[in-house]
Amino acid sequence: MVNGTREGMELVTELTTHSTGGAERSGSVVVGVLALQGDFAEHAAALGRVGADVLEVRTVEELKRVDGLIIPGGESTTIARLMIAYGLREPIIERARAGLPIWGTCAGAILLAEEIVTLDRPGLNLVPMTVERNAYGRQIDSFEADLSSRELGGGPLHAIFIRAPRIRSVAEGVEVLLRLGAEQEHEPVAVQCDSLMATTFHPELTDDTRLHERFVGMCEAYAAADASRSVPAAAGGSG
Ligand code: GLN
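Residues numbered from 1 in each chain as written. Predicted model: local features only at pLDDT ≥ 70, side-chain atom pairs only at ≥ 80, totals over all residues.

1. Quick word on the site of the ligand
- Taken together, Gly 73, Gly 74, Glu 75, Ser 76, Cys 106, Ala 107, Ile 110, Arg 133, Asn 134, Ile 162 and Arg 163 make up the full set of residues near the ligand.
- Each residue belonging to the shell around the ligand can be placed in one class, and the counts come to 4 nonpolar, 4 polar and 3 charged. (Near = placed C-beta within 6 Å. Nonpolar A, V, L, I, M, F, W, Y, C, P; charged D, E, K, R; others polar.)

Dropping the structure here:
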């Protein structure tokens, strides 16, 4: 399924293309998956199903090469610690501030939040929302739910919550994509703030690729804008 470099932390210099019969894309964007801990392999496989090129990111060099980054589910305490140990925390924050699309799922969503209830180390402090870790209870309180998906189009989205965090509040400007129920007062479980997206469940564990499609679209838009910025002035320039 995914290349076998999970335990080796050596530089991964090859671009790993996961194409498992999904729509072929132009190949113009590379979607990174932070591969320090957690279910990054499942995200890479899901990206492969939508025809995206994937790079597992463990180094700053790899981070520089991507047009978007997924921070997977896992253990937010561990990922936070490893991000610092691998010198990736500051560079990720810098690229996010410069517009790089980042999508955090579950532990990744926790790490994106500006305020985290019960995380004893710094996260990334990027999305103005408050998130509480393990707020539905312990592993045994994990659950699945069908979310109505007006924002995404199509039918309900089946969502798997594993020791999930709860989004307790979001600031103005944070768009709620999905809630745990049809009413406005139901709590958000998928949000977007400009180029940052957070979901408290695990879309990479189901066959529904709508959120991966959405994120790859964000990466394509970012790459296109970035390319047009770096194109030298057209003919006639005095350069
Ligand atoms: N409970 C985990 C944490 O706090 C998140 C669980 C997950 O990513 N599935 O980091």
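2. Side note on the environment of Asp 208
- Among the secondary structure elements, Asp 208 is positioned in the loop between strand S13 (196-199) and helix H6 (210-230).
- Along the primary structure Asp 208 and Arg 49 are separated by 159 residues, whereas in three dimensions their C-alpha atoms are 10.0 Å apart.
- Every residue in contact with Asp 208, bar those within four places of it in the chain, is listed here: Leu 157, His 158 and Pro 203. (Helix = DSSP H or I, 4+ residues; strand = E, 2+ residues; numbered from the N terminus. Contact = placed C-beta atoms within 7 Å.)

3. Topic: the environment of His 212
- Examined against the element boundaries, His 212 turns out to sit in helix H6.
- Distance in space between the C-alpha atoms of His 212 and Arg 49 is 9.1 Å, their sequence separation being 163 residues.
- When near neighbours in sequence (up to four residues on either side) are disregarded, His 212 contacts Ala 46, Leu 47, Val 50 and Pro 203.

4. Considering the nonpolar core
- Counting 66 residues, the largest nonpolar core has Val 31, Leu 34, Leu 69 and Leu 112 as the members making the most contacts within it.
- If we ignore the near neighbours within four places in the chain, the residues touching Leu 112 are Ile 102, Gly 104, Leu 124, Leu 126, Val 127, Leu 196 and Ala 198. (Core = buried A, V, L, I, M, F, W, Y, C linked by C-beta atoms within 7 Å. Buried ≥ 20, exposed ≤ 12 C-beta atoms within 10 Å, placed from the backbone.)

5. Some remarks on the sheet that holds strand S6 (residues 113-117)
- Pairing is mixed across the open sheet formed by 3 strands, whose spatial order is S6-S7-S10. Taken across any chain shown, the strands that pair with only one partner, and hence form the sheet edges, are S6 and strand S10 (166-170). Each neighbouring strand pair of the sheet contributes to a mean axis angle of 25°, computed without reference to strand direction.
- Note that strand S7 (residues 127-132) and S10 share 4 bridges and pair antiparallel. Within S10, the residue paired with Glu 132 across the bridge is Arg 166. (Pairing = 2+ DSSP bridges. Axes fitted to C-alpha atoms, helices over the stretch in contact; angles between N-to-C directions.)

Function cannot be read off these values alone, since they describe shape.
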